[in-house]
Amino acid sequence: MSLAVLNVLEEVTEVVGFDPAGTAKFWAIAIIAIAMAIVGVMEALAVIFTINGTARNPEAASKLRTSMLIGVALVETVAIYLLIVAMLLLFAA
């Protein structure tokens, strides 16, 4: 009985054109795109707060700049990893 149900489900998905693997790939890439947008916002916030801190205390500009560059580099690492995963999902066989 269960084999017959599986055969019917397989035929229906072929007729409708539903591809579960393709749908999962689409949602994974959509989530990665949202995460990369969040990474961009976080980098912008890091720069904004560094500029704000420099405006408040110009003597600390070099320390703030160094900390900002390290922080932005760490956040950008997440974006690079997300990009690699997205490329693997798009082009993996």
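Going by the structure above, here's the rest.
Colleague: Can you break down a nonpolar patch on the surface residue by residue, with the values?
Modeller: Taken together, the side chains of Ile34, Ile38, Val41, Met42, Leu45, Ile48 and Phe49 define a hydrophobic patch exposed on the protein surface, amounting to about 670 Å² of accessible area. Here Ile34 shows up in helix H2 (residues 20-56).

Colleague: Go over helix H3 (residues 61-91), please, and point to the residues and values.
Modeller: With 31 residues, H3 ought to run about 45 Å at 1.5 Å a step, and its terminal C-alpha atoms sit 44 Å apart, in line with that. Burial in H3 covers these residues: Ala61, Met68, Val72, Ala79, Leu82 and Ala86.

Colleague: Mind laying out the environment of Val39, listing which residues take part and the relevant values?
Modeller: On the secondary structure map, Val39 appears in helix H2. The exposure class assigned to Val39 is buried, which follows from its relative accessible area of 9%. The sequence separation of Val39 and Val75 amounts to 36 residues, and the corresponding C-alpha distance is 6.6 Å. When residues no more than four places from it in sequence are discounted, the contact partners of Val39 are Val75, Val78, Ala79 and Leu82.

Colleague: Requested: an account of the nonpolar core, with residues and values cited.
Modeller: Counting residues in each nonpolar core, the largest one holds five residues, listed as Ile32, Val39, Ala79, Leu82 and Ala86. Within the residue set of this core, elements represented by two or more residues are H2 and H3. Among the elements that line this core, the one with the most residues is H3, at three residues.

Scoring rules and cut-offs
- Residues numbered from 1 in each chain as written.
- Predicted model: local features only at pLDDT ≥ 70, side-chain atom pairs only at ≥ 80, totals over all residues.
- Heavy atoms only, no water.
- Patch = residues over 30% accessible without salt bridge, like charges linked within 9 Å, V, L, I, M, F, W, Y side chains within 5 Å.
- Areas by Shrake-Rupley, 256 points an atom, 1.4 Å probe, with all protein chains shown as cover.
- Salt bridge = Lys/Arg side-chain N within 4 Å of Asp/Glu carboxyl O.
- Helix = DSSP H or I, 4+ residues; strand = E, 2+ residues; numbered from the N terminus.
- Expected span 1.5 Å × (residues − 1).
- Buried < 20%, exposed > 50% of the residue type's maximum accessible area, 1.4 Å probe, protein only.
- Contact = heavy atoms within 4.5 Å.
- Core = buried A, V, L, I, M, F, W, Y, C linked by side-chain atoms within 4.5 Å.

The quantities given are spatial measurements derived from coordinates; they are silent on function.
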